[in-house]
Amino acid sequence: MAAGAKRRTLSLLERSLRLPVALLLASGANGEDSAMEELATEKEAEESHRQDSVNLLTFILLLTLTILTIWLFKHRRVRFLHETGLAMIYGLLVGVILRYGIPSTSYHNKNPPSCALKEGPVSTLLLNVSGKFFEYTLKGEINSHEIHNVEQNDMLRKVTFDPEVFFNILLPPIIFHAGYSLKKRHFFRNLGSIITYAFLGTAISCFVIGNLMYGVVKLMQAIGQLTDKFYYTDCLFFGAIISATDPVTVLAIFNELHADVDLYALLFGESVMNDAVAIVLSSSIVAYQPSGANTHTFDAAAFFKSVGIFLGIFSGSFAMGAVTGVVTALVTKFTKLHCFPLLETALFFLMSWSTFLLAEACGFTGVVAVLFCGITQAHYTYNNLSEESTKRTKQLFEVLHFLAENFIFSYMGLALFTFQNHIFSPIFIIGAFIAIFIGRASNIYPLSFLLNLGRRHKISGNFQHMMMFAGLRGAMAFALAIRDTATYARQMMFTTTLLIVFFTVWVFGGGTTPMLSWLHISVGQNEESEWDGTDRRWEYHRVGVDPDQDMQQCGDSFQVLQGDGTQAEGQSKTKQESAWLFRLWYTFDHNYLKPILTHSGPPLTTTLPACCGPLARCLTSPQAYELYCTE
């Protein structure tokens, strides 16, 4: 009994000693496993960092190569291809290399696990794998027949940017520069025509293209070429985004050749305003939600609600951009920031960029807000800046605009091969080309006829043909198309938009100079040139009008009124040339707004009633009195 009890006691003792040893060994194994996992995670993070650096370096090299080629083209006076077209070509070449030159790796499960969700797919998924929690994010829906063809090439995945990068980082400097560098004299002289083309013309183009594309979709459905849903509202959305013109190539050539300033103003003004209209119009179409089971039928209440949303978003965005510009003007006027040009430039930059983000955060459209912020900053704030800051701000946004625009066009070329959800439909693509041609013609020719009934300076037939030819598509159409590629219809729209941008930039952009000659539109540059070997520049004998003439800085910088002779003569000339609406606005602006927001214009003590004397003296700066006395 004693021996048996002793053996049992030893057995229990052995087991009690064996258990901590096993636990220690298990904890040691777990510790080694976790250490190995941490090491693998660190290596993966390092490799991901290196991959991101390579991706960014690829785009920087693309831009560098584009800049060097642009210099070569300008040196050789080559105009058949603009820098945006060059950027697209280089992007295409890199896209081919990434797509077919680098072997793809596959990490996905060939037989993915199935699960049932009571609701739709969630944006973030948490999984418990052996007691460890892993977070997965939603990338989008994949067709069931393509489940085994999913590309897992790290390079292709990472060079596909989040669409928000285009909207929040790349678009703001492009749109702001358009407003900040506006040639206001010629813009306001053609203000009525520009607004008509931008608002009414874009709406006409949208509905013409949308209805024609709906017929194309019905044809595709009838012959069995449509594999998924494509609604009428999708066609209208496509009409809205593809109506955004971007004749950057044509305008650059116009600027180099010093073509007719009115034609330049009409094209530039229409493209600037029509981008804003197109983005608000597309948002209104997306917001169209009829009541009832079928959400894609026509509903009068939903239609007028969409019209109200359009007006509300546009007016709210306009007000937000103008208010931000006014606040910046007041800050720069009533502080001594001009003594610190670096701080002044930094504040100007941040206030201008924040306008876009503020409008988007409030549910408005940042494109409209930052456009009118740029116009307001150029008209008011620019006059309060120090001489150094005026140069810095112009050069800063010019460089940002150049880099952002060429980056977008480079990415367009890249996306043709790296985007993994392209849907190429020959019928849809051909129909889209025909539709945009008809939509552009329905916009330009009828509206030009109506405008000529009331214009003093008629829009000639050759000008109308050139405006028709110059309806290129570019960065805005691409940015609107790539923002949502979740559905079959949006993926087909994105692919078609890319091809339209390529064709219009290369063919229409490259044919601008021959078209100007064929239409007998005079340019202001003589073909004769002299080579100055001292400073290595070409000196051209210009015999026409320089569209930048109104940008000269004399007295009231960036004035609308720039001409020969005295300021009074310039004012009189502008009032005669400008639209009647602007003539009313100019009087109010010159007598009240300019003196309140800037150091220029007559002092408020001379324009406000005597009862407002204390307020006038408070709002009028000493510099305003000095400038008024020297005039």
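Scoring rules and cut-offs
Residues numbered from 1 in each chain as written. Predicted model: local features only at pLDDT ≥ 70, side-chain atom pairs only at ≥ 80, totals over all residues. Heavy atoms only, no water. Helix = DSSP H or I, 4+ residues; strand = E, 2+ residues; numbered from the N terminus. Buried < 20%, exposed > 50% of the residue type's maximum accessible area, 1.4 Å probe, protein only. Contact = heavy atoms within 4.5 Å. Areas by Shrake-Rupley, 256 points an atom, 1.4 Å probe, with all protein chains shown as cover. Pairing = 2+ DSSP bridges. Core = buried A, V, L, I, M, F, W, Y, C linked by side-chain atoms within 4.5 Å. Axes fitted to C-alpha atoms, helices over the stretch in contact; angles between N-to-C directions. Parallel < 35°, antiparallel > 145°, perpendicular 65-115°, else oblique. Left-handed = near helix turned anticlockwise from the far one by under 90°. Nonpolar A, V, L, I, M, F, W, Y, C, P; charged D, E, K, R; others polar. Salt bridge = Lys/Arg side-chain N within 4 Å of Asp/Glu carboxyl O. Phe/Tyr/Trp six-rings, centres within 6.5 Å; stacked < 30°, edge-to-face > 60°. Lys NZ or Arg CZ within 6 Å of the ring centre and 35° of its normal.

Student: Pulling in residues and values, what's your account of the overall build of the protein?
Tutor: Broken down by element type, the protein carries 23 helices and four strands. When the 631 residues of the protein are sorted by exposure, 46% land in the buried category. Partitioning the contacts of the protein with sequence separation of at least 6, the portion at a separation of at least 24 is 78%. Split by element, the accessible area of the protein, about 32300 Å² in all, is 64% carbon and sulfur.

Student: Explain the environment of L451 residue by residue, including any values.
Tutor: Checked against the element boundaries, L451 lands in helix α14 (residues 426-452). For the pair L451 and T196, spaced 255 residues apart in sequence, the C-alpha to C-alpha distance is 8.4 Å. Among residues more than four places away in sequence, those in contact with L451 are S193, T196, Y197 and I459.

Student: Please give an account of the pairing of strand β2 (residues 132-137) that cites residues and values.
Tutor: Here β2 lies mainly on the outside; zero of its six residues are buried. Between strand β1 (residues 124-129) and the antiparallel strand that follows it, β2, lie two residues; S130 among them carries a positive phi value of about 55 degrees.

Student: I'd like a description of the nonpolar core, backed by residues and values.
Tutor: Formed by 128 residues in total, the largest nonpolar core has its most connected members in M213, F230, F238, F254, Y411, M466 and F478. It is helix α9 (residues 261-286) that contributes the most residues to this core, 14 residues altogether. Apart from the residues within four sequence positions on either side, Y411 is in contact with F59, V159, T160, F161, F166, F478 and I482.

Student: Hey, could you go over the packing of helix α7 (residues 232-242) against helix α17 (residues 488-510) for me, with residue numbers and the actual values?
Tutor: The geometry of α7 relative to α17 is characterised by a closest axis approach of 11 Å and an angle of 30 degrees between their N-to-C directions. Judged by the angle between their axes, α7 and α17 are roughly parallel. Both α7 and α17 take part in a crossing whose hand is right-handed. Only A489, R490, M493, T496, T497 and I500 of α17 make contact with α7, whose side of the interface consists of D234, F237, F238, I241 and I242. Within the contact of α7 with α17, the residues separate by chemical class into seven nonpolar, two polar and two charged.

Student: So what's going on with the pattern of salt bridges? Residues and values would help.
Tutor: On inspection of all chains with the given rule, the structure shows seven salt bridges. The residue E360 makes a salt bridge to R483 at a minimum N-O spacing of 3.7 Å. Of the two residues, E360 sits in helix α11 (residues 341-361) while R483 sits in the loop between α16 (475-482) and α17, which places them 123 residues apart along the sequence. Among the residues examined, R483 registers a relative accessible area of 34% and is labelled partly exposed.

Student: Which residues make up the packing of aromatic side chains, and what values go with them?
Tutor: Considering all chains together, one arrives at 27 aromatic pairs under this definition. Centroid distance F176 to F397: 4.3 Å. Interplanar angle 40 degrees. Geometry classified as tilted. Separated by 221 residues along the polypeptide, F176 in helix α4 (residues 163-180) and F397 in helix α13 (residues 387-418) bring together distant segments of the chain. Each member of the pair F176 and F397 is classed as buried. Ring pairs connect the aromatic residues F176, Y180, F348, F349, W353, Y382 and F397, which therefore count as one cluster. Positioned over the ring face of F167 is R483, at 3.8 Å from the centre of the ring. Taking NZ or CZ as reference, R490 lies 4.0 Å from the ring centre of F237, over its face.

Student: Help me get a handle on the side chain of S205, residues and values and all.
Tutor: If you trace the backbone, S205 turns up in helix α6 (residues 191-222). S205 gets classed as buried once you look at its relative accessible area, which sits at 4%. With near-sequence residues (within four places) excluded, S205 lies in contact with S243 and G439.

Everything listed is a geometric property; what it means functionally is a separate question.
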